[in-house]
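# Close look at the chain arrangement
The chain contents come next:
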Amino acid sequence: NRVREAMFNLVGPWVKDTYTLDLFAGTGAVAFESISRGSVGALLVEKHFPTVHVINENVRHLNLETITQVVSGDAFHWVEHRMADEFAPPQDVPWSLFFCPPYSFFVDRKQEMVDMMQTLTQRAPAGSHVIVEFDEHFDPQDLPQPELWDVRTYAPAIIAVKRGTRT
């Protein structure tokens, strides 16, 4: 909770009028926080089926069905094989991309993580923001275009943000 609060203190104003992608959604707290700060909608991807059920219950409870899409599945698989056919965000709306996976993914699946960030950054509309949470086992120099990231430590977490610019 402390890390999420620090993250939104940093990027909270940026999410207004963006579409949120929460690719390792967990409970959905990041996406729900983003919507509460003015995001126009969200897509949440989570592979743990019982947690997906909780997310869907929260979506219904918060009356967010019309602006929220919940995907039950692996984020890596979804981006590579399903995104093109299943994802229809509002046109010309920048994205806020949140990558907050289990920290071990930045070690065990490092190249997949970097590739996913690169792929989604390339697909995202102009003005999109990227927010990544990891720990000391991942070197921020391994981020795509590392010179463009603002990296902050909130021990044990490290948050890297790349703010989009409108062209």
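By convention here, each chain's residues receive numbers from 1 onward along its written sequence. For a predicted model such as this one, the threshold for reporting local features is a pLDDT of at least 70, and the threshold for listing and counting side-chain atom pairs is 80 or more; totals across whole chains, interfaces and linings nevertheless cover every residue. Values reported for side chains reflect all heavy atoms of the structure, with hydrogen atoms and water molecules removed beforehand.

### What about helix α4 (residues 75-86)?
Basically, it comes down to this: Every helix listed is a DSSP run of H or I at least four residues long, and every strand listed is a run of E at least two residues long, numbered separately from the N terminus. The length a helix should cover is 1.5 Å for every residue beyond the first. The buried label applies to any residue whose accessible area, calculated with a 1.4 Å probe on protein chains only, is under 20% of its type's maximum; exposed applies above 50%, and partly exposed to all values in between. Taken from the helix axis, the directions to the C-beta atoms give the arc we talk about. We define a polar contact as two N or O atoms separated by no more than 3.5 Å, with the added condition that, inside protein, one atom must be a possible hydrogen donor and the other a possible acceptor, whereas residues neighbouring each other in sequence contribute only through side-chain atom pairs.
Helix length check: α4, at 12 residues, gives a terminal C-alpha distance of 13 Å against a target of 16 Å (1.5 Å per residue), a shortfall beyond 12%. Of all the positions in α4, only Ala75, Phe76, Trp78, Val79 and Met83 are classed as buried. Buried residues of α4, viewed axially, fall in a sector of 110 degrees; they line one side. Residues of α4 that are exposed and point over 90 degrees away from its buried face: Glu80, Ala84 and Asp85. The opening residue of α4, the one whose side-chain oxygen lies 3.1 Å from the backbone nitrogen of Phe76, is Asp74.

### Description of the packing of aromatic side chains
Remark: the centre distance and the inter-plane angle together describe each pair of aromatic rings, the angle taken between the planes. Convention followed: Pairing of aromatic side chains requires ring centres within 6.5 Å, counting the rings of Phe and Tyr and the six-membered ring of Trp. Pairs whose planes differ by under 30 degrees are stacked, by over 60 edge-to-face, and all others tilted. Counting as a charge over the ring demands two things of the Lys NZ or Arg CZ atom: a distance within 6 Å of the ring centre and an angle within 35 degrees of the ring normal.
Here the structure, examined in full by the defined rule, presents 10 aromatic pairs. Seen from their ring centres, Tyr19 and Phe87 are 6.0 Å apart, and the 55 degrees between their planes marks the pair as tilted. Placement of Tyr19 in strand β1 (residues 19-22) and of Phe87 in the loop between α4 and β4 (95-99) is noted, with a sequence separation of 68 residues between them. Taken as a pair, Tyr19 and Phe87 share a single burial class, namely buried. Taking 5.8 Å as the distance between ring centres and 40 degrees as the angle between the ring planes, the aromatic pair formed by Phe76 and Phe105 counts as tilted. Of this pair, Phe76 sits in helix α4 while Phe105 is found in helix α5 (residues 105-108), placing the two residues 29 residues apart along the sequence. The pair Phe76 / Phe105 is uniform in exposure class, with both members buried. Here the aromatic cluster, defined as three or more aromatic residues joined through ring pairs, consists of Tyr19, Trp78, Phe87 and Trp95. The ring of Phe105 has Arg109 lying over it, and the distance from NZ or CZ to the ring centre is 5.3 Å.

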